[in-house]
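# Structural features, examined
Single-letter residue listing:
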Amino acid sequence: MSDGSISAAGQRAADAPAASSPHVDAGDAGYSKDLKSRHINMIAIGGAIGTGLFLGAGGRLADAGPSLAIAYAVCGVFAFFVVRALGELILYRPSSGAFVSYAREFMGEKGAFAAGWLYFLNWSTTAIADITAAATYAHFWGVFSDIPQWILALIALSVVLTANLISVKYFGEMEFWFAIIKVAALVAFMLIGIFLVVTQHPVDGHTPGLSTVSESGVFPVGTLPMLLVIQGVVFAYASVELCGVAAGETENPEKIMPRAINSIMWRVGLFYVGSVVLLALLLPYTAYSGDQSPFVTVMDKLGVPGAAGVMNLVVLTAALSSLNSGLYSTGRILRSMALSGSAPRFTGLMNKGQVPYGGILLTAGFGVLGVGLNYVVPGQAFEIVLNLASIGILGTWGMIMLCSLVFWHRSQDGRVTRPAYRLPWAPYTQLVTLLFLAGVAFLMWWGGGVGRTTVMFLPLIAAALVGGWFLVRGRVHRMAQARQDA
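Below is a short write-up of the structure. Just so it is clear, the structure is predicted and the values come from calculations on it, not from any experiment.

### Some remarks on the packing of helix α6 (residues 98-138) against helix α16 (residues 357-376)
Contact geometry for α6 and α16: axes closest at 8 Å, N-to-C directions at 45 degrees. Judged on the interaxial angle alone, α16 and α6 are oblique. Here the hand of the crossing between α6 and α16 comes out right-handed. Only Leu362, Thr363, Phe366, Gly367, Gly370, Val371, Leu373 and Asn374 of α16 make contact with α6, whose side of the interface consists of Trp117, Phe120, Trp123, Ser124, Ile128, Ile131 and Thr132. Within the contact of α6 with α16, the residues separate by chemical class into nine nonpolar, six polar and no charged.

Below you can see the structure in the form of structure tokens.
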């Protein structure tokens, strides 16, 4: 398919109706349609800008140097493929169960069970990473420096959990303004950074510009460190699929979703790659560390009164935004699973605000375990959960691409009709993306340390999924039969 035809297909998708599906997901019933176009667009932006960029980029710059921008660009392409594949499925059949619902349709209940619990692994551990990041940011200010990290983590979890339980409208508004703050701050930082580079204004006694990169080289410590940080970069893109979950609670998703998804690519190029390039131009890569947001590092070294504090407030907002998104999405996914029998019954419960509070509380419960982790090993908590979250992300993205591949195969024999908005170059795109995800898992193992330990947990995760399936399969089959008989 040519670039022109891809663009034309994207344009037609705004007016093309979604292809009908014979599959009906019980988990889609009961939701209000309170998310507007502005909410979905900002959720898509917020999903592409999170803790992985604001906090994680510092340590990765220190490890890999300017080549980190290449890692962000490569991972960004595959993140776009994943969300574009999900977008095609959304236009085929919008669902709050998102890829779990599609796995149920195309891969059966076993596939839905695996997809759902891998997603839960992703976000339950990401929630821990987010509250850890929030507590780390809060320690930047002297007023919080004497408060234990675990207490700050608990406060962050409590605030976001309360807002998430009220209604989807509150979630949408909170995420809308969180995203506005993140985008405005990144744009302001990039404008300041460009000004500093163009004028060569000294930053902490260093003259910014291309010489900063040429002195050390793009690969100052070789290509291997760049490859080894890729699993952390994948974590930075972890919530791009969130807009797919939100599609089930908006009207006219066939008009809203293509625009929101298509814009992710240029946002990735501008905000992720662009900001990392600027960071590399402003200061030597050795000036950054994993203990502080690189954006705060630059502002701090500029010496502008209050600038570092303002940027730290922004990155704190990014952590709370990610936590907000994680509680929202897992609540919807777990409800879809509960109504098919593959998750505990209480995760299917909804409150008067049409919020699936059972699933949200279960995810928050794992966040409480993260509070304990912050108490025991505050210095290592973020790195430990980042690796576990990466396994969940790889599994979730893999399931999305497998569903997309099966969908494409069924379209070839006429069992389903692909919408006008499509993943380009199918089925090669899905196959290459799956190979990339397998490669990331291999790099995690190859890099040793926490990453290798995490990969060695894979047999335990697989055993837990198999054991869990045998525990619930009877209930799943009974509920499926009941739906057929109804």
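So much for the structure itself; the text now carries on.
### Overview of the packing of helix α8 (residues 168-199) against helix α14 (residues 294-302)
Close contact between α8 and α14 brings their axes to 12 Å; oriented N to C, the two are set at 50 degrees. Regarding the angle of α8 to α14, the classification is oblique. Like other packed secondary-structure pairs, α8 and α14 cross with a definite hand, here left-handed. Facing Leu186, Phe189, Ile192 and Leu196 of α8, the residues of α14 in contact are Phe295, Val298, Met299 and Leu302. Broken down by class, the residue content of the contact of α8 with α14 amounts to eight nonpolar, no polar and no charged.

### Examining the packing of aromatic side chains
Counted according to the given criterion, the structure contains 20 aromatic pairs. Considering the side-chain rings of Trp141 and Phe144, the 6.4 Å spacing of their centres and the 65 degrees angle between planes classify their relative orientation as edge-to-face. Since its relative accessible area comes to 22%, Trp141 is described here as partly exposed. Note on Phe144: relative accessible area 30%, which makes it partly exposed. Residue placement shows Arg84 over the ring face of Tyr421; its charged tip is 4.2 Å from the ring centre. Lying over the aromatic face of Trp445, Arg452 brings its terminal NZ or CZ to 4.4 Å of the ring centre.

### Thoughts on helix α5 (residues 68-92)
Between its terminal C-alpha atoms α5 stretches 36 Å, which fits the 36 Å expected from 25 residues at 1.5 Å a residue. Across the 25 residues that make up α5, a large majority, 21, are buried.

### Description of the environment of Ile400
On the secondary structure map, Ile400 appears in helix α17 (residues 381-412). Judged by relative accessible area, Ile400 falls into the buried class, the value being 0%. Along the chain, Ile400 and Tyr102 lie 298 residues apart, while their C-alpha atoms are 8.3 Å from each other.

### As for unusual backbone geometry
Cis peptide bonds are those with omega within 30 degrees of zero, and the linkage from Ala426 to Pro427 qualifies with 5 degrees. By the element assignment, Pro427 lies in the loop between α17 and α18 (428-446). Positive phi is not limited to glycine here, since Gln200 has a value of about 55 degrees. Here Gln200 lies in the loop between α8 and α9 (210-216). On the accessibility criterion, Gln200 (47% relative accessible area) is partly exposed. Within the chain, Asp204 stands out as a residue other than glycine whose phi angle is a positive 55 degrees. For Asp204, the position within the fold is in the loop between α8 and α9.

Each value, and the rule that gives it
Residues numbered from 1 in each chain as written. Predicted model: local features only at pLDDT ≥ 70, side-chain atom pairs only at ≥ 80, totals over all residues. Heavy atoms only, no water. Axes fitted to C-alpha atoms, helices over the stretch in contact; angles between N-to-C directions. Helix = DSSP H or I, 4+ residues; strand = E, 2+ residues; numbered from the N terminus. Parallel < 35°, antiparallel > 145°, perpendicular 65-115°, else oblique. Left-handed = near helix turned anticlockwise from the far one by under 90°. Contact = heavy atoms within 4.5 Å. Nonpolar A, V, L, I, M, F, W, Y, C, P; charged D, E, K, R; others polar. Phe/Tyr/Trp six-rings, centres within 6.5 Å; stacked < 30°, edge-to-face > 60°. Buried < 20%, exposed > 50% of the residue type's maximum accessible area, 1.4 Å probe, protein only. Lys NZ or Arg CZ within 6 Å of the ring centre and 35° of its normal. Expected span 1.5 Å × (residues − 1).

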